[in-house]
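Observations on the three-dimensional arrangement
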Amino acid sequence: MTTCKVGFTQKSILSYPGAMSVFLVAEIGKKQPKSDSLIRTVVKELSALGDFKGKKDESLILYPGNLKTGKSFACRRVLLVGIGEINKAGTQDQLLEIFRKAGGTISQSAKKVKADELLLVLPEFVDDARKKFAASMVEGILLGNYRFRSYKKKDDRKNKYKGLKTITIHGKGGGLRRAVNRARIGAEAAISARDMANEPANHWTPEHFAKFGRDLARNSVLVCRVIGKNQIEKLGMGGIIAVNQGSAIEPRVVILEHRPKNYRTTVLLVGKGITFDSGGVSLKPAAGMEDMKYDMCGGAAVISTMQAVADNKPGVRVVAIVPTTDNMSGSSAVKPGDVITHYNGVTSEVINTDAEGRLILADALAYGIEKYSPDCVIDLATLTGAVIIGLGHHRSGLMSNNDVLADALSAAGEATGEKVWRLPLDQEYSEQLDSEVADVKNIGGRAAGSITAGAYLKKFVGDTPWAHLDIAGTAWEFTKKSYIPKGPSGIGVRLLLDFIARCSTLKFVERKKDK
Ligand code: BES
Ligand code: MN
Ligand code: ZN
């Protein structure tokens, strides 16, 4: 992980001696673009020339020695970043996304000139919710600054640039500091999820999830418990055992818990941690199979969320469970037609060994709900290729048995730029999973593939308010954005953190009034 420091200053902007000072410029119809007074003359000139209008994603690097600003900047470069017509942006969530993207553009521009430090000037012309905009921008800068170079030759000359090392924000106030700090914590957690996902399957195994959990607990208020293979067998987690039995690498169930004093709400997070999905005996085609090292992105998201939870210390109890194994086709592998027994006693006919995510999640959901009696459960999984057909790479699929929970997650999605879209979960879909020989079968045919996967999980949550996020289309190859580099997106982390921040006021179940 590349670490980037975020600091604050109240000294004059002109005196900043670093590599780059950054200003935002907004469009207002055909009028002069809006900008800070320090750069107004030059912006006027650039817009008259037609070279820079302040359009969204537009950026321009200037060299202050030649600027006709009448001001003398001590920095080496001035970066202008356009944010478009913010007056027409619509909702505040959409506006926050504009600032997040501007943050990403700032990182990309810094990369072009190999700048490793910058001064971020918060625009004079936005005064409402300045803290939030600043926070979104910092989030965008940090996320856009991400790179994964662990396996590149260290002395590779072309790749000497290590990204931004210091961001200095021009501004003051405890509120600003707190908002920016929270954004930094969230972005760093998303980056941690990207790092896990980028690791190849020979370097990220179930034991690596366990080690991450233990290390995190050692250095924080969290408690970690790792369930090993023997215990998984003894507990009767037949889904995890079935998926693991064709592999030479042992499975784990990694549990992290944040338990504040006097908590009233427990949130359970479950993440699919398939460190490589070959399909098993129902083998996947070779083309693109390397991407199946990303099949642990749900697990990465929930365990990285806990990294941020450890810092934010919310008033709600949060438990994260990652069932983790690879899905291989060794000679002892589970075979199509085999019948397995899940943690809660439900028997399942494994028609297709490539529908393995639901098998490990079913055990983890049933176990977590029994053990922690949560007020709500959210699982994240790269569960079905079908969700990519349905929603593409722009929204994750949401399925839920509870409208309050579903609405809260939808709102968190809009607020974080990690949008979701709800799919139905009627009883008819569950019937597609009826088996001739067992309580259920693990696939429901081609029709509504994402929903029948959700319907499988639904059988293991009982009445507990539950939501399932299918992130197969968004965990990598997510919408092209300045702050989302190629490869794993770290999706889910910021969404879950936003949800956790707002969930203590939610009433998932109508409490019966005392008479
Ligand atoms: N991990 C895959 C889903 C997936 C596919 C994620 C492509 C991202 C990109 C999952 O385990 C899987 O193989 N699902 C099958 C289910 C089918 C056998 C019912 C699928 O989607 O084809
Ligand atoms: Mn699979
Ligand atoms: Zn899978």
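Fair warning: this is a prediction, and the values are worked out from it, not measured in the lab.

1. Here's the deal with the coordination of the zinc ion (ligand 3)
For the zinc ion (ligand 3), every protein donor is listed as K272 (NZ), D277 (OD), D295 (OD) and E356 (OE), and the spread of their distances is 2.0 to 2.4 Å. For the zinc ion (ligand 3), the 6 donor atoms in the first shell make angles of 79 to 173° at the metal, a pattern classed as octahedral. Here the zinc ion (ligand 3) and the manganese ion (ligand 2) are spaced 3.2 Å apart, linked through D277, which binds each one. Of this pair, K272 sits in the loop between β9 (266-271) and β10 (273-277) while E356 sits in the loop between β13 (347-349) and α9 (357-372), and the two are 84 residues apart along the sequence. The exposure class of K272 is buried, given its relative accessible area of 2%.

2. A word on the pattern of salt bridges
In this structure the tally under the stated criterion is 25 salt bridges. Where K55 meets E27, a salt bridge forms, and the shortest distance between an N and an O atom there is 3.3 Å. Of this pair, K55 sits in the loop between α1 (40-49) and β3 (59-62) while E27 is found in the loop between β2 (21-25) and α1, placing the two residues 28 residues apart along the sequence. Overall, E27 belongs to the buried group, its relative accessible area being 16%. One salt bridge connects R40 with E124, and the closest N-O pair in it is separated by 3.9 Å. Placement of R40 in helix α1 and of E124 in the loop between β5 (117-121) and α3 (130-144) is noted, with a sequence separation of 84 residues between them. What makes R40 partly exposed here is its relative accessible area of 44%. The network of salt bridges with shared partners includes E97, R100, E139, E418, K481 and R494.

3. Overview of the domain arrangement of the protein
Segmentation of the protein into domains returns domain 1 (5-172) and domain 2 (188-505). For domain 1 and domain 2, the distance between their C-alpha centres works out to 37 Å. Taken together, the 17 residues of domain 1 in the interface contact 18 residues of domain 2. Across the domain 1/domain 2 interface, buried area totals approximately 1,500 Å², and carbon plus sulfur atoms make up 58% of it.

4. What about the site of ligand 1?
Taken together, 17 residues lie around ligand 1, and K284, D295, D354, E356 and G385 are the ones closest in. For ligand 1, a nitrogen atom lies 3.4 Å from a polar atom in the backbone of L383. Across the complex, the protein chains shield 78% of the 510 Å² of accessible surface that ligand 1 would expose by itself. Residue classes in the shell around ligand 1 are distributed as 6 nonpolar, 4 polar and 7 charged.

How each quantity is defined
Each chain has its residues counted from 1, running along the sequence as written. Each chain is given a letter, starting from A, and each ligand a number, starting from 1, according to the order in which they appear as written. With pLDDT at 70 or above as the cut-off, local features in this predicted model cover only qualifying residues; side-chain atom pairs require 80 or more to be listed or tallied, and sums for whole chains, interfaces and linings still use all residues. Side-chain figures throughout are based on the complete set of non-hydrogen atoms in the structure, without hydrogens or water. As a rule, N, O and S atoms within 2.8 Å of a metal are its donors, except that Na, K and Ca use 3.2 Å; water is not among the atoms, so sites may look incomplete. Every angle between 85 and 135 degrees makes a four-donor site tetrahedral, while opposite donors more than 155 degrees apart, with all other angles between 65 and 115, make a four-donor site square planar and a six-donor site octahedral; other sites are irregular. Strands are runs of DSSP state E lasting at least 2 residues, helices are runs of H or I lasting at least 4, and numbering of each runs from the N terminus. Exposure categories follow from relative accessible area, calculated using a 1.4 Å probe and restricted to protein chains: below 20% of the type maximum is buried, above 50% is exposed, and the middle band is partly exposed. Think of a salt bridge as a Lys or Arg side-chain nitrogen and an Asp or Glu carboxyl oxygen that are within 4 Å of each other. Note that the domain bounds reflect an automated or database-derived domain assignment. Throughout, a contact is declared for two residues whenever any of their heavy atoms are within 4.5 Å. In short, buried area is how much 1.4 Å probe accessible area vanishes from two parts on joining, totalled over both. Any residue with at least one heavy atom within 4 Å of a molecule or strand is counted as near it. Identification of polar contacts relies on pairs of N or O atoms within 3.5 Å, with a donor-acceptor requirement for protein atoms, meaning one able to donate a hydrogen and the other able to accept it, and with residues adjacent in sequence counted only if both atoms are side-chain atoms. Per-residue and other accessible areas follow the Shrake-Rupley method at a 1.4 Å probe size, with only the shown protein chains counted as cover for residues. In the scheme used here, Gly and all other residues not listed as nonpolar or charged are polar, with Ala, Val, Leu, Ile, Met, Phe, Trp, Tyr, Cys and Pro taken as nonpolar and Asp, Glu, Lys and Arg as charged.

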